[in-house]
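# Structural characterization, general
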Amino acid sequence: MSLGTHEVDLFESTRGRLEAIAYRLLGSAGDAEDAVQETFLRWQAADRDYVETPEAWLTKVLTNLCLNQLTSARARRETYVGQWLPEPVFAGDRMLGPADTVEQRESVSIAMLTLMERLSARERVVYVLREAFGYAHNEIAEMLDITESNCQQIYRRAKQHLATDRVRVEVDEAAAHRIVEEFLAAAVSGRTETLISLLTDDAISIGDGGAFIATLTRPLIGALRVARFLRLAIKPTDGKRNKLGGRPAMFAAIANGGPALVMVVDDRVVGIVSLEVTSDGIAAIHGQANPEKLERATRRWATSEHGAPLLESW
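In this text, all values refer to a predicted model and were calculated from it rather than measured experimentally.

Bringing the packing of aromatic side chains into the picture now. This structure, assessed with the given rule, holds five aromatic pairs. Here the aromatic rings of Phe90 and Trp301 are separated by 5.5 Å at their centres, their planes lie at 45°, and the arrangement is tilted. Of this pair, Phe90 sits in the loop between helix 3 (54-77) and helix 4 (102-107) while Trp301 sits in helix 13 (residues 295-302); the two residues are 211 residues apart in sequence, bridging distant segments of the chain. By the burial criterion, Phe90 is buried, and Trp301 matches it. Ring centres of Phe251 and Trp301 lie 5.1 Å apart, and the angle between their planes is 75°; on these two criteria the pair is classed as edge-to-face. A residue pair is termed long-range when its members are at least 10 positions apart, and Phe251 in strand 3 (residues 249-255) and Trp301 in helix 13 qualify at 50 residues. Using a relative accessible area of 3% as the deciding quantity, one classes Trp301 as buried. Chaining the aromatic ring pairs together yields one cluster made of Phe90, Phe251 and Trp301. Above the plane of the ring of Trp43 lies Arg48, whose end atom (NZ or CZ) is 5.8 Å from the centre.

In structure tokens form, the structure reads like this:
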């Protein structure tokens, strides 16, 4: 069925919310865009005269598309080269969705998106819809064709799986810039103890380069091990310049609500290092270098203000 102007406008008015739901569910901006586009195609083909509440109908279609994709993604990630990390998204991107509450902001952090990988597909859907978007259990149950009591049980299990002792610290733009600046200065100082002082004792470092950039084959745990690795990773070499296409300039930014070190070569984002900051220090460092997961970041970088680099010649 063809779409009239009103029906197209109606869909477009929900696109941002649909993208935000899909991104939290899939951890990939590219996959989220694809899921939303498929939802549009199904909206176009539907007998819309029988759709009483378009937003609810669209959300249910999107949710079930993402549920199917999450299930198949587990099999694909078994053959993924290296470690898999979510796709980082810069501040101001509508993909991040609502950020009015602590729960909404936390649900889109790189640390939480990574942690949610341990959930089953259904647990992740229930958790995201309830925690980040405030859907009632009966609404979520209707979307998933389950009972309300079952939905509540799934939500409780998801909360238990995601429980952590870490208390994440929220930072504003100025604080994020300062944290990244201190982190970079310590990393290039050549003094391991300076970097260790910024990390928690159980700090973890994870890197994702896909099949394109060699990164850690497994997480590094412990402040000393992480600090030693970072000194080598951020130290420029001829090999790094060849792989990245040049020596990257370093910028401070906010990605997924947290401080991020952005590496840029010729206006192309080649790496984003996201820092999870707690009251005890930097608890996790997530490095994204897979070029397939930096395309959206590069597009946004080209059209946004990002200030002067922290470091260009190093």
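Back to the text.
The UniProt record annotates "domain: RNA polymerase sigma-70 region" (unreviewed entry) at residues 10-74. For residues 10-74, the helix share is 85%, the strand share is 0%, and the end-to-end C-alpha distance is 33 Å.

Let us look at the UniProt feature "domain: RNA polymerase sigma factor 70 region 4 type" (unreviewed entry) in the protein. With numbering aligned to this structure, UniProt lists the feature "domain: RNA polymerase sigma factor 70 region 4 type" (unreviewed entry) at residues 111-162. In residues 111-162, the share of helix is 75% and the share of strand is 0%. The end C-alpha atoms are 11 Å apart.

Further remarks concern the nonpolar core. Soluble globular proteins tend to pack their nonpolar side chains together in the buried interior. Grouped together as the largest cluster of nonpolar side chains are 50 residues, with contacts concentrated most on Tyr23, Leu62, Met116 and Tyr127. Those elements that place two or more of their residues in this core are helix 1 (5-26), helix 2 (29-45), helix 3, helix 5 (110-115), helix 6 (121-131), helix 7 (137-144) and helix 8 (148-162). Among the elements that line this core, the one with the most residues is helix 1, at nine residues. The residues contacting Tyr127, other than those within four sequence positions of it, are Met112, Met116, Leu119, Ala132, Tyr155, Ala158, Lys159 and Leu162. Within the second largest apolar cluster, 31 residues are counted, among which are Leu220, Leu261, Val273 and Leu275.

Moving on: the pairing of strand 4 (residues 258-265). Most of strand 4 is tucked away: eight of the eight residues are buried. Counting the residues that bridge the hairpin from strand 4 to strand 5 (residues 268-278) gives two residues, and of these Asp266 lies at a positive phi of roughly 50°.

Three or more residues of helix 13 are buried, namely Arg296, Ala297, Thr298 and Trp301. In the core, the buried residues of helix 13 are packed alongside helix 1, helix 2, strand 3, strand 4 and strand 5.

Moving on, we get to helix 2. Its 17 residues give helix 2 an end-to-end C-alpha distance of 25 Å, which sits within 8% of 24 Å, the value for a rise of 1.5 Å per residue. Residues Ala29, Ala32, Ala35, Val36, Thr39, Phe40 and Trp43 constitute the buried set of helix 2. The buried residues of helix 2 occupy an angular sector of 145° when the element is viewed end-on, so they sit on one face. Residues Asp34 and Ala45 are exposed on helix 2 and point more than 90 degrees away from its buried face. The opening residue of helix 2, the one whose side-chain oxygen lies 3.5 Å from the backbone nitrogen of Gly30, is Ser28.

In this fold, Glu123 is placed in helix 6. For Glu123, a relative accessible area of 6% gives the class buried.

Thresholds applied
- Residues numbered from 1 in each chain as written.
- Predicted model: local features only at pLDDT ≥ 70, side-chain atom pairs only at ≥ 80, totals over all residues.
- Heavy atoms only, no water.
- Phe/Tyr/Trp six-rings, centres within 6.5 Å; stacked < 30°, edge-to-face > 60°.
- Helix = DSSP H or I, 4+ residues; strand = E, 2+ residues; numbered from the N terminus.
- Buried < 20%, exposed > 50% of the residue type's maximum accessible area, 1.4 Å probe, protein only.
- Lys NZ or Arg CZ within 6 Å of the ring centre and 35° of its normal.
- UniProt positions renumbered as here; feature names shortened; annotations may be inferred.
- Core = buried A, V, L, I, M, F, W, Y, C linked by side-chain atoms within 4.5 Å.
- Contact = heavy atoms within 4.5 Å.
- Pairing = 2+ DSSP bridges.
- Expected span 1.5 Å × (residues − 1).
- Arc of directions from axis to C-beta.
- Polar contact = N/O pair within 3.5 Å; in protein donor to acceptor, adjacent residues only side chain to side chain.

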